[in-house]
Amino acid sequence: MTAELTTTKLNAESHLLLDQPLLRLPHELARKNFKTVQKHVERENKDVLSALKSTANASLAGQDAPKTVASLENMIHRLQGLKRKMETLHGEEKALHQASRKRIQHLQDLYEIPSLADVKYDEWSRVRLNRLLVDYLLRCGYGESAKALAREKGIEELVDLEVFMQCHRVEQSLRRRSTQECLAWCAEHRPMMKKLDNRLEFELRLQQYIELRRNRQLVEARQHAQKYLTQHAGTYLEEVNRAAGLLAYPPDTHVREYSKLYSDSRWDDLAKLFVTTHHELFSLPPRPLLHIALSAGLSALKTPSCHSKHASSTANASSTTTSVCPICSTELNDLARNLPYAHHTKSYVENDPVVLPNGRVYGRDRLLEMSEKVGLDAGQVKDPTTSIIYPASEIRKVYIS
Amino acid sequence: MEALLEEHEKLCRKGNLSKSVEDVQKTIDLLVKARDSIAASTYLMLFSLGPVGKELLTYAHCHLQDQNSASVTLAKLQNPVKQSFEAVNSDLKDVYKGLGNYSKALDKKFKDKPLPTTDYDALSSHPALINRAIAMHLLREGQFSVASTFLTDATNNPPRPVISSSTPNPHANIEVDLGIDSLKSESLRKQFANMYHILHELKNQKNLLPAIAWAREKSDALETRGSNLEFELSKLQFVWLFTGGSNPNDARSLYLGQQQALGYARREFAHFQGRYLREIQQLSGAMAFCPNLAQSPYRRIFHNDDAWEDLANVFTREFCSLLGLSADSPLYIATTAGAIALPTLLKLQTIMKEKRTEWTTQHELPVSTAFYSSLQKGPLIFPGGNTSSARVSLSLDLRLPSVERTDDRRESTNDDALRARRCAGIVSEIEQRVTI
């Protein structure tokens, strides 16, 4: 049933599952950059052409030269402004291209490593771990730690400090109950948001409305609703209606639908909605990649004995010469508890197993070798797990059926 | 990958903004030229004014003329400026196309490599445990400053557990106590700082004394583990002294060193006699070959370049083991293993979805992710065992520890081979058995 292939061959193609965001993000940023340029050009194009036309008409109609020169100056000034903006964005574009290039190269390196046992794979995988750690730290909002780690490891070009730190700043501002930063973010990213269902901006405006109502600024609340909410009635009819109803219910209302709107937890929901929208916009996975890699790895390595009530030789550091198993090690043991075990269809047993009087089974050669090492006389063996010494004559051969 | 690289190169070359910036400049030039010509004629007119008597007339005349020429200039300007803007827009269109093509190349590259879904995420509900694992990882990697920044960050902003129905949290009660205990992390930091100090002295300064002092302190624990570390360290110290210490090429220090080595042996080797008599005999036997050790049968003991690196590795392993930790970072091993196992798990997930079945998350994976660690790293595995079944005769505990491997390591001649072997330990003999 099982075709067995014992291999350490590295299949780079399938190994890239975790690395899609690495290339997607700079690309999304480049697209955002481009959209911003486009927006600027579009506006100046329209304005300058119409200004030029009206200047020409005015000149024909007898406007004097200094005025004409002044309006030309004005147009030149605007275009120079445009050029400056474009130059800045061009600089950013260069940096993004450079980052993309570095990242493609980094992935390309993987294709040149033939085997998982190669030293280079070890190095590559360590870089990946550091990347995943930086990603995790950033998502937790631990910007300083992330920066320090990226700097120390020299992987700044492989991680996205700025993007995540901005995201975190906006998220925090929402948790501090300020909509300003998030609305500014929405405005900045509006060209890209069109493809997404832009619920975020509506919810932000709704929140502003709720705050106005909370402070009993009923007139302002009505104006605000007319300006920002009613236009969304097509998509969010129910919410708009409820917002209108809110005018009739004071903040201490017991009517559930309305007290929910006044609830503080709405700010947390807004923060979450923002993060989701942000990650979606930049093709970022919703959860840290470290979770994905770790849970797969923990399952793959975990054995039933890792959380066994019975003492295991690997858990008992003082009695064996082995290194502690990664899942038994303090770092991961509790974390692995909730994950499934690895599935093993085959036993890996040492040669020539023997059983000690206490029921523990070991490979004969290694048992003897180890007993000699700890300085026992010939004819005695020591159980590495329990440290009990038995006469060698009491060990029995085990037949595995 | 090459296709992607090529597409990206194309994007860098053609799909950038430099041309459109140039074209904006051209538009500016057009306007500047028009302005200058209009302004020039006005100034010319003003400066060329003759005597005051003629002024009014000339002014009116010139003014009229000027106005004419200005409107002509402006009328002539309309089309070029429009075209210039069109040029900018068409430059932008090229960039857009370039981006689109690169997008397509990316899509193609990752078409069959979807981002793993996180439908089942058992880790989000345990951020404190993850943070602890990361803190310990940073400490054991010797990144103390990053670790302390991290601990400050994590203490100031404790993580929020994401608890959902699909992320069971059967150990919610212990979660509370398992945050990053600052006291504990401090002691761990000290331990690892000590470890790195010893390793630094050992590897970079060839100073074994701190390591020897540590090993002596832990002598009993090391002996129960059956570790030879203490003796191996003393032996290397002897060898180092005997071959002239830090000045191996100086005849005088060589002589002095041999005297010191002899003294060292007399002083220190006595309490190793019980376990290592044979090795001690070998060392003293070697002295007979003293001027010519390199050609003697003892060459391997006295001229072994790997000895320091090997011993450093053994030291790290013993040090970590005594702390109850594995020698390599579990976080590293687990994420690496995860990346390797992921394609199989993903395939499983897809099939599960198609067949609309689920597997009980707490138990065994229905598929072999093809892992077992070799004897030197990990457990021996029996199918069908589980936590609750008592260990009868065939207990799960079949792994016999890797016995000191320094002996066979002597064979290796260069660092690379050694390191390769160490890596091989981590991912060793991965078995790919696709059972679905």
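Keep in mind that what you see is a predicted model, and the values were worked out from it rather than measured. (Residues numbered from 1 in each chain as written. Chains lettered and ligands numbered in written order. Predicted model: local features only at pLDDT ≥ 70, side-chain atom pairs only at ≥ 80, totals over all residues. Heavy atoms only, no water.)

Undergrad: Is there a simple way to think about the environment of A:Leu18 in this case?
TA: When you line up the elements, A:Leu18 lands in the loop between strand S1 (5-6) and helix H1 (20-60). The class for A:Leu18 is buried, based on a relative accessible area of 3%. With 164 residues separating them along the chain, A:Leu18 and A:Cys182 place their C-alpha atoms 29 Å apart. Setting aside residues up to four positions removed in sequence, A:Leu18 forms contacts with A:Arg128, A:Leu289, A:Ile292, A:Ala293, B:Ala339 and B:Leu342. (Helix = DSSP H or I, 4+ residues; strand = E, 2+ residues; numbered from the N terminus. Buried < 20%, exposed > 50% of the residue type's maximum accessible area, 1.4 Å probe, protein only. Contact = heavy atoms within 4.5 Å.)

Undergrad: When you look at the side chain of A:His97 in this model, what are you seeing that I'm missing?
TA: Summarising the element assignment, A:His97 is placed in helix H2 (residues 65-111). When sequence neighbours within four positions are dropped, the list of residues in contact with A:His97 reads B:His8, B:Leu11, B:Cys12, B:Gly15 and B:Asn16.

Undergrad: How should the UniProt feature "domain: CRA" (unreviewed entry) in chain B be read in this particular structure?
TA: Under the UniProt annotation, "domain: CRA" (unreviewed entry) lies at residues 256-351 of chain B. Secondary structure within residues 256-351 of chain B divides into 73% helix and 0% strand; the distance between the first and last C-alpha atoms comes to 73 Å. (UniProt positions renumbered as here; feature names shortened; annotations may be inferred.)

Undergrad: Even after reading the chapter, I still don't get the nonpolar core, so can you show me in this structure?
TA: What tends to happen in soluble globular proteins is that the nonpolar side chains get buried as a cluster. By size, the foremost hydrophobic cluster in this structure holds 180 residues, and its most contacted members are A:Leu298, B:Leu31, B:Phe238 and B:Phe302. Top element by residues in this core is H2(A). It accounts for 13 residues. The residues contacting B:Phe302, other than those within four sequence positions of it, are B:Phe238, B:Val239, B:Phe242, B:Thr243, B:Leu283, B:Ala286 and B:Leu293. (Core = buried A, V, L, I, M, F, W, Y, C linked by side-chain atoms within 4.5 Å.)

Undergrad: Which parts of the structure should I look at to understand the packing of aromatic side chains?
TA: To describe a pair of aromatic rings, one takes the distance between the centres and the angle between the planes. Inspection of every chain in the model, using the stated rule, returns 18 aromatic pairs over all chains. A ring pair is formed by B:Trp214 and B:Phe315, whose centres lie 5.2 Å apart and whose planes are at 80 degrees; its orientation type is edge-to-face. Here B:Trp214, found in helix H8 (residues 209-217), pairs with B:Phe315, found in helix H14 (residues 307-322); they are 101 residues apart in sequence, far enough to count as distant. Judged by its relative accessible area of 7%, B:Trp214 is buried. Owing to a relative accessible area of 0%, B:Phe315 belongs among the buried residues under this scheme. Aromatic rings pair up to connect B:Phe231, B:Phe238, B:Phe242, B:Tyr264, B:Phe269, B:Phe272, B:Tyr276 and B:Phe302 into one cluster. It is A:Arg126 that lies over the ring of B:Tyr332; its NZ or CZ is 4.0 Å from the centre. When the ring centre of A:Tyr228 is taken as reference, the NZ or CZ atom of A:Arg205 above it lies at 3.7 Å. (Phe/Tyr/Trp six-rings, centres within 6.5 Å; stacked < 30°, edge-to-face > 60°. Lys NZ or Arg CZ within 6 Å of the ring centre and 35° of its normal.)

Undergrad: Is there a simple way to think about the sheet that holds strand S3 (residues 361-363) of chain A in this case?
TA: Backbone hydrogen bonds are what pair the strands of a sheet, in a parallel or an antiparallel way. All names here are of chain A. Strand order in the open sheet formed by 3 strands is S3-S2-S6, with antiparallel pairing between adjacent strands. Either end of the sheet is taken by a strand with one partner, and the two such strands are S3 and strand S6 (396-397). Bridge analysis of strand S2 (residues 353-355) against S6 gives 2 bridges, and the strand direction is antiparallel. Looking at S6, one finds that Val354 is bridged to Lys397. Across the sheet, helix H15 (residues 364-373) lies against S2, S3 and S6, angled at about 85 degrees from S3, the strand it touches most. (Pairing = 2+ DSSP bridges. Axes fitted to C-alpha atoms, helices over the stretch in contact; angles between N-to-C directions.)

Undergrad: Can you help me understand the packing of H2(A) against helix H1 (residues 2-14) of chain B in this one?
TA: Relative placement of two packed helices is described by the angle separating their axes and the distance separating the axes. Following both chains from N to C, one finds H2(A) and H1(B) inclined at 165 degrees, their axes separated by 10 Å at the closest point. Classified by the angle their axes make, H2(A) and H1(B) are roughly antiparallel. Note on packing geometry: the crossing formed by H2(A) with H1(B) is left-handed. Taking contact as the criterion, the partners of A:His97, A:Ser100, A:Arg101, A:Ile104, A:Gln105 and A:Gln108 in H2(A) are, on H1(B), B:Glu2, B:Leu4, B:Leu5, B:His8, B:Glu9, B:Leu11 and B:Cys12. For the contact of H2(A) with H1(B), the per-class residue count stands at 5 nonpolar, 5 polar and 3 charged. (Parallel < 35°, antiparallel > 145°, perpendicular 65-115°, else oblique. Left-handed = near helix turned anticlockwise from the far one by under 90°. Nonpolar A, V, L, I, M, F, W, Y, C, P; charged D, E, K, R; others polar.)

Undergrad: Explain the environment of B:Ala312 to me, please; I cannot follow it from the model alone.
TA: Residue and element names in this part refer to chain B. Residue placement: Ala312 occurs in helix H14. Look at Ala312 and you get buried, because its relative accessible area is 1%. Distance from Ala312 to Leu199, taken between C-alpha atoms, is 6.5 Å for residues 113 residues apart in sequence. Not counting residues within four places of it along the chain, the set of residues in contact with Ala312 comprises Leu199, Leu202 and Lys203.

Undergrad: Quick question: what am I supposed to make of the pattern of salt bridges here?
TA: Considering all chains together, one arrives at 36 salt bridges over all chains under this definition. The residue A:Glu73 makes a salt bridge to B:Arg35 at a minimum N-O spacing of 2.9 Å. Taken as a pair, A:Glu73 in helix H2 and B:Arg35 in helix H2 (residues 18-47) lie in two separate chains rather than in one. You can call B:Arg35 buried: its relative accessible area is 17%. One salt bridge connects A:Arg214 with A:Glu211, and the closest N-O pair in it is separated by 3.0 Å. (Salt bridge = Lys/Arg side-chain N within 4 Å of Asp/Glu carboxyl O.)

Undergrad: Explain a positive patch on the surface to me, please; I cannot follow it from the model alone.
TA: All names here are of chain A. Where like charges cluster on the molecular surface, the positive patch consists of Lys39, Arg43, Arg84 and Lys85. Elements represented by at least two residues in the positive patch include exactly H1 and H2. Turning to its location among the elements, Arg43 is positioned in helix H1. Accessibility expressed as a relative area gives 41% for Arg43, which makes it partly exposed. (Patch = residues over 30% accessible without salt bridge, like charges linked within 9 Å, V, L, I, M, F, W, Y side chains within 5 Å. Areas by Shrake-Rupley, 256 points an atom, 1.4 Å probe, with all protein chains shown as cover. Lys, Arg positive; Asp, Glu negative; His and termini not counted. Charge placed at Lys NZ, Arg CZ, Asp CG, Glu CD.)

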